[in-house]
Amino acid sequence: MKNLKAFIASIMIISSLTVHAQIKNATTSTVEIKGNCAMCKKTIEAAAYEPKVSKAEWDEDTQQAVLTFNPDKTSEEAILKKIAQAGYDNQSFRAPDDVYAKLHECCLYERDHTVAKAEHNEHQGMDHSQHKPSAKEHANMDHSQHNGDATANTQLAPVFKHYLAVKNALVATDAKAAATAAKALTASIGQVEMGKLAHEEHEVWMKVMKGIQTEAASIEKSTDINRQRQSFMALSNHVYSLAKTSKGSTALYWQFCPMANNNKGAYWLSSEDAIKNPYFGSKMMNCGEVKEKI
């Protein structure tokens, strides 16, 4: 059976060579990805595909895929993150439970109870569906995963830092500075090593990462301060969800302006409790209130 799997993987690698001419500096790697059927194959390969940058060839029988990609543009880890976001567990990342649950019935592959290899921690090999931690274990788990784990803070701190830089640029009504800060925010997203996040943080990150990327890119590409502020509303909601899960040592303040968004109201995060309104700047600098301290 091992020889058969190796043979099939070799065939997959050979077939993938035809795309090298389309993908500059192409390299390949063989990875394990869970799945059941042809519909899974279509979804997995669609998630991995980026024109002239990356693609995947997944085999239902071996549960393996050959990734072909330009290492200057992306990485095996980045591709596997996207595949997990589409609902498919793989050797590095576990798909969010809610995304997996929404897969077509025929695509609901059998899942392992343990987390993916890159997410192994002190609970490695434990069946979480049956194990009930002792009071001592529960206390230690809460401390490491929910009260500012140093590794997780290191991973996510740049995301919060550059988000706040975007906010400060909007307070100053500086579209160019907002675009620059948004570009730095996008770069920080790609540097997050998801395997080093606590489990709950990982789950939330998988849900909000795409939204943060989308809104940051919108701010980066625009020179219109009003459009940037519109994107910042959605960006703030995504970052708030992340901040609620990843409670670091630095306080954040969830603030609200009732007059923003055409009097519908809008929120933002700040590192200080003093109101400095990113939606109006100097026109109504102090309009708003603190709704929550995180």
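Residues numbered from 1 in each chain as written. Predicted model: local features only at pLDDT ≥ 70, side-chain atom pairs only at ≥ 80, totals over all residues. Heavy atoms only, no water.

Student: Just to check I follow, could you spell out the side chain of E203 for this structure?
Tutor: Along the chain, the position of E203 falls in helix 8 (residues 199-221). For the buried E203, which has no salt bridge, the nearest side chain bearing the opposite charge is R94, at an N-O separation of 5.1 Å. Apart from the residues within four sequence positions on either side, E203 is in contact with A95, P96 and D97. (Helix = DSSP H or I, 4+ residues; strand = E, 2+ residues; numbered from the N terminus. Buried < 20%, exposed > 50% of the residue type's maximum accessible area, 1.4 Å probe, protein only. Lys, Arg positive; Asp, Glu negative; His and termini not counted. Salt bridge = Lys/Arg side-chain N within 4 Å of Asp/Glu carboxyl O. Contact = heavy atoms within 4.5 Å.)

Student: Whenever I open this one, the layout of surface pockets confuses me. Can you help?
Tutor: Taken as a whole, the largest pocket spans an internal volume of roughly 590 Å³. In terms of lining, the largest pocket is formed by 17 residues, of which the most central are E50, T74, A78, K82 and Q213. Elements that contribute at least two residues to the lining of the largest pocket include exactly helix 2 (38-48), helix 3 (76-85), helix 7 (175-190) and helix 8. In terms of residue count, helix 3 provides more of the lining of the largest pocket than any other element does, four residues in total. Here the lining of the largest pocket is composed, by residue class, of seven nonpolar, six polar and four charged. (1 Å grid on protein atoms, 1.4 Å probe; cavity = no way out; pocket = protein on both sides within 12 Å on 5 of 7 lines; lining within 4 Å. Points joined across faces, edges and corners; volume = space filled by probe spheres on them. Nonpolar A, V, L, I, M, F, W, Y, C, P; charged D, E, K, R; others polar.)

Student: Where do I start with the packing of helix 7 against helix 8 in this structure?
Tutor: Axis angle and axis distance: for two packed helices, these are the angle between their axes and the distance between the axes, and together they describe the pair. The N-to-C vectors of helix 7 and helix 8 enclose an angle of 150 degrees; their axes lie 8 Å apart at closest approach. Considered as vectors, helix 7 and helix 8 are oriented roughly antiparallel to each other. The handedness of the crossing between helix 7 and helix 8 comes out as left-handed. Note on element contacts: helix 8 touches helix 7 through W205, M209, I212, Q213, A216, A217, I219 and E220, opposite A178, A179, A182, K183, L185, T186 and I189. Considered class by class, the residues forming the contact of helix 7 with helix 8 number 11 nonpolar, two polar and two charged. (Axes fitted to C-alpha atoms, helices over the stretch in contact; angles between N-to-C directions. Parallel < 35°, antiparallel > 145°, perpendicular 65-115°, else oblique. Left-handed = near helix turned anticlockwise from the far one by under 90°.)

Student: Just checking my understanding: could you explain the nonpolar core for this structure?
Tutor: In globular proteins that are soluble, nonpolar side chains generally tend to be buried together. In this structure, I33, I83, Y88, W205 and F232 are the most contacted members of the largest nonpolar core, which totals 66 residues. In this structure I83 touches I33, I44, A47, A48, Y88 and N90, once residues within four positions along its chain are discounted. (Core = buried A, V, L, I, M, F, W, Y, C linked by side-chain atoms within 4.5 Å.)

Student: When you look at the pairing of strand 3 (residues 64-69) in this model, what are you seeing that I'm missing?
Tutor: Side-chain positions along a regular strand alternate between the two faces of the sheet. Extensive coverage of strand 3 is indicated by the burial of six of its six residues. Covered by surrounding structure in strand 3 are Q64, V66 and T68 together with A65, L67 and F69, the residues of both alternating faces. One ladder, built from six bridges, connects strand 1 (residues 27-32) with strand 3; its direction is antiparallel. Bridged to V31 within strand 3 is A65. Bridging between strand 2 (residues 54-59) and strand 3 involves six bridges; their strand directions are antiparallel. Pairing of D59 across the sheet is with Q64, part of strand 3. Counted along the chain from strand 2 to the antiparallel partner strand 3, the turn is four residues long, and its residue Q63 has a positive phi close to 60 degrees. (Pairing = 2+ DSSP bridges.)

Student: Sorry if this is basic, but what is going on with helix 9 (residues 225-245) here?
Tutor: In an α-helix, one turn spans 3.6 residues; hence positions three or four apart end up facing the same way. Look at helix 9: 30 Å from first C-alpha to last across 21 residues, which is about the 30 Å you get at 1.5 Å a residue. Capping the start of helix 9, D224 holds a side-chain oxygen 2.8 Å from the backbone nitrogen of N226, two or three residues further along. (Expected span 1.5 Å × (residues − 1). Polar contact = N/O pair within 3.5 Å; in protein donor to acceptor, adjacent residues only side chain to side chain.)

Student: Quick question: what am I supposed to make of the environment of M206 here?
Tutor: One can find M206 in helix 8. Given a relative accessible area of 5%, M206 falls into the buried group. Distance from M206 to R94, taken between C-alpha atoms, is 9.6 Å for residues 112 residues apart in sequence. In this view, M206 contacts K81, A84, Q85, R94, P96 and M194; residues no more than four positions away in its chain are not counted.

Student: Help me understand the sheet that holds strand 4 (residues 253-257), please; the structure alone is not making it clear to me.
Tutor: Two modes of strand pairing occur in sheets, parallel and antiparallel, and in both the strands are linked by backbone hydrogen bonds. Spatially, three strands are ordered 5-4-6 in an open sheet, and the strand pairing comes out antiparallel. If you trace the sheet from one side to the other, it starts and ends with strand 5 (266-270) and strand 6 (289-293), each paired once. Taken pair by pair, the neighbouring strands of this sheet meet at an average axis angle of 30 degrees, ignoring direction. Here strand 4 pairs with strand 6 via four bridges, running antiparallel. Counted as the bridge partner of Q255 is V290 from strand 6. Against the sheet, helix 9 makes contact with strand 4, strand 5 and strand 6, and its axis sits at roughly 55 degrees relative to strand 5, the strand it touches most.

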